[in-house]
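Structural features, examined
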Amino acid sequence: MKINQSNIKKTKKYLDSNKCVAVPTETVYGLAANAYSGAAVKKIFRLKKRPKTNPLIVHYSKLSKLKKDCFLNNDFFKLYKKFCPGPITFVLKLKKESRISKFVTNNSRSVAVRFPKHKILETLLNKLNYPLAAPSANISSKLSSVSSEDVKEEFGKNITYILDGGKCKIGIESTIVSLFRSPKILRLGGLEVSKIEKILNEKITIDTNPKKKIASGQSKIHYSPGIPIRMRIIKPKKNEAYVLLRKRKNKSIHYFYLSKNNNFNEATKNLYSCLRKIKNKGYKSIAIEKISNKGLGKSINDRLTRASKFK
Ligand code: TXA
Ligand code: MG
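Since we're looking at a predicted model, the values are computed, not measured.

The next point concerns the environment of G190. Note on placement: G190 falls in the loop between strand 9 (184–187) and helix 8 (193–200). Each C-alpha atom of the pair G190 and E173 lies 6.0 Å from the other, and the pair is 17 residues apart in sequence. Beyond its immediate sequence surroundings of up to four residues, G190 is in contact with P87, I170, I172, E173, S174, T175 and L296.

What follows is the structure in structure tokens.
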């Protein structure tokens with residue numbers, strides 16, 4: 001998608017005056033505001049109906065700017081070199097002199113940060129003299145948005161502006177790795193854990209269902225289209241939407257598919273938009289065939305399992 005400078009200028013104007021706007025990223029759309037302004041950040045929580053206790057991710061385009069806000073360690077540099085910009089979020093130790101609003105971190109000593117890979121957003125970030133706090137652009141616990149139309153559907157007139165950046169290339173949220181102490185995965189996402197393990201040269205604990213919740217992606221019910229989802233289904237019920245991983249001939253007339261072949265990248269990219277389409281067509285429930293729990297399949301199953309907890 002071409003970069004429209006006048007749209008970027010408009011977005012900057014809104015952000016500079018502490019408004020909150022939707023921005024595209026390679027993973028999902030974000031609901032962004034100046035991370036250094038408490039007043040701006042509070043608007044995100046209000047608009048999203050998000051509990052104040054659930055901290056936000058801060059988005060940067062330059063390492064030099066990140067250094068002002070948190071401590072960077074060796075593991076960080078290894079992963080940064082290999083994967084940034086890209087779908088990985090780091091939880092790091094906050095510096096005392098950081099200007100990040102306490103509402104972003106819920107007063108914690110750690111902060112989640114990432115470098116999004118999207119030319120339009122990178123151009124915007126380079127023009128701002130503050131980083132952007134941005135959770136996914138959806139009402140709390142609902143389906144994330146992967147296009148500007150999705151954002152419109154979520155927020156209607158309540159959102160000031162949506163910076164259009166086309167359809168998100170990855171389609172699900174970033175993978176969150178905590179480097180606060182020893183490395184730990186807090187949320188599965190767009191970057192496979194095995195790739196992170198390879199760079200750090202160690203097996204990493206996956207802690208996406210802890211007793212004490214720190215990430216909203218860890219909460220049991222999330223990413224929900226608002227209708228029941230059944231998983232690992234061979235035979236769908238009569239009027240149920242049936243989601244297949246791979247396009248092929250099928251007995252159900254209500255079938256949808258996530259990829260043309262068995263391609264997990266394509267399936268991930270289509271996951272949220274497929275669920276949204278089914279909901280908008282008026283189906284009352286969704287059945288999904290078994291999806292193998294390998295690579296990105298693991299992230300897809302994580303999202304579906306949480307979404308399926310909706311009753
Ligand atoms: O791909 C993404 O990460 C998208 C795009 C917009 O960048 N953002 C996103 O934000 O998914 P959100 O708010 O929907 O999810 C952020 C997650 C939450 O589960 C939050 O609890 C966790 O990050 N988080 C934020 N700060 C944290 C911290 N200090 N320690 C642990 N988890 C944290
Ligand atoms: Mg979210």
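After presenting the structure, the write-up continues.
Another aspect to go through is the pairing of strand 9. Bridge count for strand 8 (residues 175–178) against strand 9 is 3 bridges, and the pairing is antiparallel. Residue I176 lies in a different strand from strand 9, and its bridge partner there is R187. What sits between strand 8 and strand 9 in their antiparallel hairpin is a turn of 5 residues. Between strand 9 and its parallel partner strand 10 (residues 205–206), the chain crosses via helix 8, and the hand of that crossover is right-handed.

Right, let's get into helix 7 (residues 148–155). S148, D150, V151, E154 and F155 are the residues of helix 7 that are buried. Angular distribution of buried residues about the axis of helix 7 spans 155°; they occupy a single face of the element. Contact partners of the buried residues in helix 7: strand 1 (21–23), strand 2 (30–34), helix 2 (38–48) and helix 9 (264–280). G156, located one to two residues past helix 7, shows a positive phi value of around 55°.

What the rule picks out here adds up to 0 disulfides. Here C168 stays unpaired: no disulfide links it, and the sulfur of C274, its closest cysteine neighbor, is 16 Å away. Note on C274: relative accessible area 8%, which makes it buried.

Evaluated as defined, the whole model comprises 8 aromatic pairs. Here the aromatic rings of F76 and F90 are separated by 4.8 Å at their centres, their planes lie at 70°, and the arrangement is edge-to-face. In this pair, F76 sits in helix 4 (residues 74–83) while F90 sits in strand 5 (residues 88–94), placing the two residues 14 residues apart along the sequence. The burial state of F76 is the same as that of F90; both residues are buried. Ring-pair connections join several aromatic residues into one group, and the members of that group are Y60, F76, F77, Y80, F90 and F115. Positioned over the ring face of F71 is K95, at 5.5 Å from the centre of the ring. The side chain of R303 reaches across the aromatic face of Y223, ending 4.6 Å from its centre.

Here is what the cut-offs are and how they apply
Counting of residues starts from 1 at the beginning of each chain's written sequence and follows it residue by residue. Chains carry letters from A onward and ligands carry numbers from 1 onward, assigned in written order. Side-chain atom pairs in this predicted model are given and counted only at pLDDT of 80 or more, local residue features only at pLDDT of at least 70, and totals for whole chains, interfaces and linings cover all residues. Excluded from the side-chain calculations are hydrogens and water; all other atoms, namely the structure's heavy atoms, are used. Where helices and strands are cited, they refer to DSSP runs of H or I of at least four residues and of E of at least two residues respectively, numbered from the N terminus. The contact definition used throughout considers only heavy atoms, calling two residues in contact when any of these lie within 4.5 Å. A strand pair is defined by DSSP finding two or more bridges across the two strands. A clockwise path from the first strand over the helix to the second, with the strands pointing away from the viewer, defines a right-handed crossover. A simple rule labels every residue: compare its accessible area, found with a 1.4 Å probe on the protein chains alone, to the largest value its type can have, and call it buried under 20%, exposed over 50%, or partly exposed in between. Taking the helix axis as origin, the arc is that swept by the directions to the C-beta atoms. Criterion for a disulfide: a pair of cysteine sulfur atoms at a distance within 2.5 Å. Stacked, edge-to-face and tilted labels apply to pairs of Phe, Tyr and Trp rings (six-membered ring for Trp) whose centres lie within 6.5 Å, assigned for plane angles under 30 degrees, over 60, and everything in between, in that order. Only Lys NZ and Arg CZ are tested; either one counts as a charge over a ring when it is within 6 Å of the ring centre and within 35 degrees of the ring normal.

Just distances and angles here, no functional claims.
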